[in-house]
Amino acid sequence: MPRTNYIDIMEKNHMEIPWHDYTNTDSNALIANADLIEKASVIGRVGLIMLSCGTGAWRVRTSMNKLSKELGVTCTVDVGLMSIEFNCFDGNDCVSQSLSIANTGVNTSKLYRMEQFVDNFPNEEAHLTGEMIHKRLDEIEQIHTLYSPVKLGLAAALACCGFTFLLGGGPIEMLFAFIAAGTGNLIRTKLIKHHFTLFMNIAVSISASCLIYAILLKLAILMFNIPFVHEAGYICSMLFIIPGFPFITSGIDLAKLDLRSGIERLTYSIIIVLVATVFAWIMALLLHLQPEEFTTLHIGKMLHLILRLVASFCGVFGFSIMFNSSVPMAAMAALIGCIANTLRLELVDFTGMPAAAAAFIGAATAGLLASFIKNYNGYPRISLTVPSIVIMVPGLYLYRAIYNFGIMSLTEAVSWFTSAILIIVALPLGLIFARIITDRTFRYCT
C-alpha cells in the first residue's frame, strides 16, 4: 500500500476559499459590470495574496483601493498580520468579508508579480470577466518557493558566513557558521514544507545549528588543536532566523497608524526572537558554549573595507534568496546592502558615531537607493530594502541580552538589550525617512 502522509488526511484548521464560486462561469460580463459580490471577491483575494507575501498593511490597502476605484466601489479595510476584514459598497448594496491566511511568510517574487498585476489592472484585467481574473490569480498563487531546501540552506549558509565576518569573526568561525547555519535552515525549510508549527521550526533548527557548530569545534580542537576561543562564532550560526520582514513592516505600519497590523507584526517578531534566543541559550548551557568576544583580525584598513563590501554583498544576497527573490532582484538588494551596511560600519569605526545613529543613516541610504532602483526597474521597494538592512539587525546583541538574563548578569543584559532596541528602532525610522523624501503618497495620513 502507498504510504499516506498525515498532512493529506488531517482536517485543515483553515478552510480553503472556493473563489470561483463567486463568479458566473457562463457570463461574458466584464468585471466592471459584474455584481458587487463578484467584484468584492477579486478585491479581497488580491489583498489576501498581497498579505501572504509578507508586505505591510499600507501596501495591502493601497492595492485594494486601486482595484476598488477601478471597479466603481468604495472599500474600507482593516488589515492584520494574517487576516483582512473589509466592506465593499456601491451606493445600493454592501458586502462584508473576513478573510485569513493559514500562515505568514515572505515571498518577494510573488509580491513583485502582484504589484505588476495591480499596476496593470486598469489596462488588462479590467477588460476581463471575473472568472478570467481569478484564473490569473490562481497562476500567481502557484508561485511558491523558487528554490529547493538545499539551495535555501546554502543561502542561509552564505548569509551567516558573511554575517560572521561583519561581526568580527575569522575564517574558522566563518567556515563553522557556514556549515551549521546551512544545515539548520535546511532542516527549517523541510519542517515548514511539512507544515510544522512555528515554535517547532525555530526550536529544532536553532538547536541543530548550535549542536553542529559545537561538534565541528570539538573535532577541530581534537584534530588540529585550534584554540577553544573560536566558540564565539556559534551565535552567528543561528542568525538566519532573524525576522527581518515583520520587524521592518511593523515599524512602517506603526508610522502610518496601522496599529493593529504594526502591533501584530511586532509581536510576531518578538516571539521568533524570544523562542530562538531561549533555545540557543539552553543549547549553550548544555554544550558549555559562551558568547565570548571574537579575536582581533590583523588586516589592513583597505583590505578590511573590501572584505566588508564582499561580506555585506554575500550576506544580503543570501537573505534575499531566503525571501524567495529572483537572482537579479537578490543581486540588486545585495548591491544596495553592501553600500549601506559598509557605510554604517565605517561610520562607527572611524567617526565614533553611536551604533543606533549609524544604523539610521545606513537604513536611510538603503531606502534612498531602493527608491531610485524601483523607478528604474520596478522592483518592489520593500523587496530591496528589507534584505539590505536585515544584516544590520543586532541579533548578536539580542542573544547576549537573553544569555545574560539567563545567568542573572542583569547589568550586562540590560546594556545589550538597550543597545539592541535602539538599533532596531533606528532601522525602520531610517527607511521611513527615505520613504518620506522619495514618495509623496507616503508623506500624508489620508
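Residues numbered from 1 in each chain as written. Predicted model: local features only at pLDDT ≥ 70, side-chain atom pairs only at ≥ 80, totals over all residues. Heavy atoms only, no water.

### Here we look at the packing of helix α3 (residues 57-71) against helix α4 (residues 108-120)
So, point 1. Interhelical geometry of α3 versus α4 gives an angle of 30° and a closest axis separation of 9 Å. By the angle between their axes, α3 is roughly parallel relative to α4. Crossing angle aside, the handedness with which α3 passes α4 is left-handed. Between α3, through R59, S63, K66 and L67, and α4, the contact on the second element is made entirely by E115, F117, V118 and D119.
So, point 2. Residues that form the contact of α3 with α4 fall into these classes: three nonpolar, one polar and four charged. (Axes fitted to C-alpha atoms, helices over the stretch in contact; angles between N-to-C directions. Helix = DSSP H or I, 4+ residues; strand = E, 2+ residues; numbered from the N terminus. Parallel < 35°, antiparallel > 145°, perpendicular 65-115°, else oblique. Left-handed = near helix turned anticlockwise from the far one by under 90°. Contact = heavy atoms within 4.5 Å. Nonpolar A, V, L, I, M, F, W, Y, C, P; charged D, E, K, R; others polar.)

### Let's talk about the packing of aromatic side chains
So, point 1. Throughout the structure, instances matching the rule amount to twelve aromatic pairs.
So, point 2. For the pair F117 and F121, a centre-to-centre distance of 6.0 Å together with 55° between the ring planes defines the contact as tilted.
So, point 3. Taken together, the aromatic side chains of Y234, Y399 and Y403 make up a single cluster linked through ring pairs.
So, point 4. The ring centre of F442 lies 4.8 Å from the NZ or CZ of K256, which sits over that ring. (Phe/Tyr/Trp six-rings, centres within 6.5 Å; stacked < 30°, edge-to-face > 60°. Lys NZ or Arg CZ within 6 Å of the ring centre and 35° of its normal.)

### Quick word on unusual backbone geometry
So, point 1. Despite not being glycine, L257 has its phi angle at roughly 65°, a positive value.
So, point 2. Its place among the elements puts L257 in the loop between α9 (244-255) and α10 (259-287).
So, point 3. L257 sits in the exposed class, given a relative accessible area of 57%.
So, point 4. Within the chain, M408 stands out as a residue other than glycine whose phi angle is a positive 65°.
So, point 5. By the element assignment, M408 lies in the loop between α15 (395-406) and α16 (410-438).
So, point 6. The exposed category is assigned to M408, whose relative accessible area is 58%. (Buried < 20%, exposed > 50% of the residue type's maximum accessible area, 1.4 Å probe, protein only.)

### Here's the deal with the state of the cysteines
So, point 1. Tallying each qualifying case throughout the model produces zero disulfides.
So, point 2. C160 forms no disulfide, and the closest cysteine sulfur to it belongs to C236, at a distance of 7.7 Å.
So, point 3. Free cysteine C314: the closest other cysteine sulfur is in C161, separated by 7.6 Å.
So, point 4. On the basis of relative accessibility, which here comes to 23%, the residue C314 falls in the partly exposed class. (Disulfide = S-S within 2.5 Å.)

### A look at the domain arrangement of the protein chain
So, point 1. Domain annotation for the protein chain reports domain 1 (19-142) and domain 2 (149-443).
So, point 2. Distance between the C-alpha centres of domain 1 and domain 2: 34 Å.
So, point 3. At the interface, 23 residues of domain 1 touch 27 residues of domain 2.
So, point 4. Across the interface of domain 1 and domain 2, roughly 2000 Å² is buried in total on both sides, 52% from carbon and sulfur atoms.
So, point 5. A per-residue breakdown of the area domain 1 buries against domain 2 is headed by W58, L81 and T108, which together make up 33% of the total.
So, point 6. The interface formed by domain 1 and domain 2 includes four salt bridges.
So, point 7. Between R61 and D258 there is a salt bridge, with its nearest N and O atoms 2.9 Å apart.
So, point 8. For the side of domain 1 that touches domain 2, the elements supplying multiple residues, two or more each, are α3, β1 (74-79), β2 (83-89) and α4.
So, point 9. For the side of domain 1 that touches domain 2, the leading source of residues is α4, giving five residues.
So, point 10. A per-class count over the side of domain 1 that touches domain 2 returns nine nonpolar, nine polar and five charged. (Domains from an automatic or database assignment. Buried area = accessible area lost by both parts, 1.4 Å probe. Salt bridge = Lys/Arg side-chain N within 4 Å of Asp/Glu carboxyl O.)

### So, the nonpolar core
So, point 1. If you look at the biggest cluster of nonpolar residues, it comprises 121 residues, and the most contacted ones within it are I84, F86, F117, I206, Y234 and L427.
So, point 2. Tallying contributions element by element places helix α2 (residues 36-52) first for this core, with nine residues.
So, point 3. Here this core gathers at least three residues from each of two domains, domain 1 (19-142) and domain 2 (149-443).
So, point 4. Among the nonpolar cores identified, the runner-up in size contains five residues, and F247, V273, L398 and A420 belong to it. (Core = buried A, V, L, I, M, F, W, Y, C linked by side-chain atoms within 4.5 Å.)

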